[in-house]
Amino acid sequence: MRLIGISLTLVLAAGAAWAQGADRDRNWRVCNNASPRLDYELVARSCTAIIASPNEAAQDLVVALVNRGVARARQGRSDQALEDFERAVKTDPTYGPAFNARGTAYAELGRVDDALRDYDRAIEIEPDDPDAHYGRGNIRFMKRDLRGAIADYDRALAGSPNNIGAINNRAAANEDLGEPERAIADYTRLVELSPRDAGAFFNRGKLRFYDGKFSEAAADLDHGADIEPSNPYYALWAHFALARDGHPEQSRLAQRGREADPTQWPATLVRHLLGLASAEDVAAAIRQGDAAAARERATEADFYLGQQALVAGNKTEAERRFRAVIDSGLADFIEYRGARAELGR
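Conventions used here
- In every chain, residue numbers begin from 1 and rise along the written sequence.
- Since the coordinates come from a predicted model, pLDDT governs what is reported: local features require at least 70, and pairs of side-chain atoms require 80 or more to be given and counted, while whole-chain, interface and lining totals use all residues.
- Side-chain metrics in this entry use all non-hydrogen atoms of the structure; hydrogen atoms and water are not considered.
- The helix count covers DSSP runs of H or I at least four residues long, the strand count covers runs of E at least two residues long, and both are numbered beginning at the N terminus.
- Residue contacts are counted whenever heavy atoms from the two residues lie within 4.5 Å of one another.
- Surface accessibility in these figures is a Shrake-Rupley result with a 1.4 Å probe; residues are shielded only by whichever protein chains are displayed.
- Neither His nor the chain termini are counted; the positive set is Lys and Arg, and the negative set is Asp and Glu.
- Taken as the charge location is NZ of Lys, CZ of Arg, CG of Asp or CD of Glu.
- Classification of ring pairs rests on two measures: the distance between centres of Phe, Tyr or Trp rings, Trp counted by its six-membered ring, which must be within 6.5 Å, and the angle between planes, read as stacked under 30 degrees, edge-to-face over 60 and tilted in between.
- The classification of residues rests on relative accessible area computed with a 1.4 Å probe and restricted to protein chains. Under 20% of the type maximum is buried, over 50% is exposed, and intermediate values are partly exposed.
- By definition here, charges over rings are those cases where NZ of Lys or CZ of Arg is within 6 Å of the ring centre and within 35 degrees of the ring normal.
- Here, a salt bridge means any Lys or Arg side-chain nitrogen found within 4 Å of an Asp or Glu carboxyl oxygen.
- Two cysteine sulfur atoms make up a disulfide if the distance between them is within 2.5 Å.
- To qualify as a nonpolar core, a set must consist of buried Ala, Val, Leu, Ile, Met, Phe, Trp, Tyr and Cys residues joined through side-chain atoms within 4.5 Å.
- Multiplying 1.5 Å by the residue count of a helix minus one yields the expected span of that helix.
- Under this definition, polar contacts are N or O atom pairs within 3.5 Å; protein pairs additionally need one hydrogen-donor-capable and one acceptor-capable atom, and for neighbouring residues in sequence, both atoms have to be side-chain atoms.

Caption draft 1: Just the overall build of the protein chain, in detail. For the protein chain, the count of helices and strands is 19 helices and zero strands. Residue pairs at least 24 apart in sequence account for 52% of intrachain contacts in the protein chain once pairs closer than 6 positions are excluded. Split by element, the accessible area of the protein chain, about 16000 Å² in all, is 47% carbon and sulfur. Distance between charge centres in the protein chain, computed from 45 positive and 53 negative side chains, equals 0 Å.

Caption draft 2: Main features of the packing of aromatic side chains. If you walk through the whole model with that rule in mind, you get ten aromatic pairs. The interplanar angle of 70° and the centroid separation of 6.1 Å between the aromatic rings of Tyr210 and Trp237 together place this pair among those described as edge-to-face. Placement of the pair is Tyr210 in helix α11 (residues 198–210) and Trp237 in helix α13 (residues 232–244), with a sequence separation of 27 residues. By the burial criterion, Tyr210 is buried, and Trp237 matches it. Following the ring pairs from residue to residue traces out a cluster consisting of Phe202, Phe209, Tyr210, Phe214, Tyr234, Trp237, Phe240, Phe303, Tyr304 and Phe322. Stacked on the ring of Phe99, the Lys or Arg Arg121 has its end atom at 5.7 Å from the ring centre.

Caption draft 3: Seen up close, the pattern of salt bridges. Summed over the entire model, instances satisfying the criterion amount to 37 salt bridges. Its salt-bridge partner being Arg72, residue Asp84 comes within 3.0 Å of it at the nearest N-O pair. Note that Asp84 is positioned in helix α4 (residues 78–91) and Arg72 in helix α3 (residues 58–74), a separation of twelve residues in sequence. Residue Asp84 is classed as buried on the basis of its relative accessible area of 3%. Residue Arg72 is classed as buried on the basis of its relative accessible area of 12%. Asp222 is the salt-bridge partner of Arg256, the closest N and O atoms lying 2.8 Å from each other. Of this pair, Arg256 sits in helix α14 (residues 251–259) while Asp222 sits in helix α12 (residues 214–227), placing them 34 residues apart in sequence.

Caption draft 4: Molecular detail of the state of the cysteines. Applying the stated criterion across every chain, the model contains one disulfide. Bridging Cys31 to Cys47, the disulfide has an S-S length of 2.1 Å. Residues Cys31 and Cys47 are joined through a disulfide that is right-handed, its torsion about the S-S bond being 105°. With Cys31 in helix α1 (residues 22–31) and Cys47 in helix α2 (residues 40–52), this pair connects stretches of sequence that are 16 residues apart. Judged by relative accessible area, which is 0%, Cys31 ranks as buried. Cys47 gets classed as buried once you look at its relative accessible area, which sits at 0%.

Caption draft 5: Spatial organisation of the nonpolar core. Formed by 65 residues in total, the largest nonpolar core has its most connected members in Phe209, Leu221, Trp237, Trp265, Leu269 and Tyr304. Broken down by element, the residue count for this core peaks at nine residues, all from α13. If we skip the residues at most four places from it in the chain, Phe209 touches Phe214, Ala217, Leu221, Trp237, Phe240, Ala241, Arg244, Gln307, Glu342 and Arg345. In this structure, Trp28, Cys47, Ala81 and Phe99 belong to the second largest nonpolar core, which totals 37 residues.

Caption draft 6: Region of interest: helix α9 (residues 164–176). Taking 1.5 Å as the rise per residue, α9 with 13 residues should run 18 Å; its terminal C-alpha atoms sit 18 Å apart, in good agreement. With eleven of 13 residues buried, α9 lies mostly within the body of the structure. All buried positions along α9 are accounted for by Gly165, Ala166, Ile167, Asn168, Asn169, Arg170, Ala171, Ala172, Ala173, Asn174 and Glu175. On its buried side, α9 packs onto α7 (130–142), α8 (146–159), α10 (180–193), α11 and α19 (334–343). Where α9 begins, the capping side chain belongs to Asn163, and its oxygen is found 3.1 Å from the backbone nitrogen of Gly165. Two residues or fewer past α9, Gly178 is found with a positive phi of approximately 80°.

Caption draft 7: Representation of the side chain of His133. As for its position among the elements, His133 is in helix α7. Reaching out from His133, the side chain makes a polar contact with the backbone oxygen of Pro127 at a distance of 2.7 Å. If we ignore the near neighbours within four places in the chain, the residues touching His133 are Ile123, Pro127, Asp128, Asp152, Arg155 and Ala156.

Caption draft 8: Structural context of helix α6 (residues 112–125). Given a rise of 1.5 Å per residue, 14 residues ought to cover 20 Å, and the 20 Å separating the end C-alpha atoms of α6 matches this to within 8%. Of the residues making up α6, those classed as buried are Asp114, Ala115, Leu116, Asp118, Tyr119, Ala122 and Ile123. Of the surrounding secondary structure, the elements contacted by the buried residues of α6 are α5 (96–108), α7 and α8.

As structure tokens, then:
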């Protein structure tokens, strides 16, 4: 299972001026509405009405352009969104949110260097803008400038302490830097802010699993699997954390395994661990797809079969499996990090 990626978000800008006249006032209210349950087509239409007006000042027009671009981006109309952001930047090159929005659009298109330049400019205009620091932190994360990313996430959280994306991504950066306690502190904050976030429990639990704290890991991983029982990886990690904590019964894995899609990997591996599929069945499932997918599946299978061997007391077989995981070179897989932790005990 590949490590969870970083998240990118767009936020609606706030309007600079309010209307004189009912229609204009209504259009501005909708154009500035940042509700997560928003009708983005209605937002785009309201912003378009403002943009089409010949009476809007430049500082108001640029806000409507940014907001329409955000609405279009969330509708999947990326090219039109980028056009709005570019027009906004040209209309008022001193308006930081326009650069921030375009930077996010560039990032989502994979144009990371363009995104970085825009975030730099947004921060130059508004040095304490938490959204721009969050966006630049994401780009630095992508470019593997992890300490730079953490510095930006720190600045983002100074201005917006409950930014879930910044907390999660700072945790991931600290994890990559080998700072698990700092990562755990952030995942704990995520659990407090979002007690139904299965990923936060899973990420904290796997770090505790790496550290050999199986009782704490089992509590986190089991809870995460309860929240999201259809995720077979959550089910596997919860099962082995419980087993390593002295509770090797398979009833929970069996129950959760029924929630997962039986046609998708690693369903066959789960069935094998439950004694319902043969080793040959697992090998056949691994071979499905292209060579890259087969390599990834084999790596995952080696890790979980290594865990099974450890629970059964077969340390020689477990070590063989874990060394095969390391030999795969798939360092961005959680199973790789788990195998490295096991071999280091």
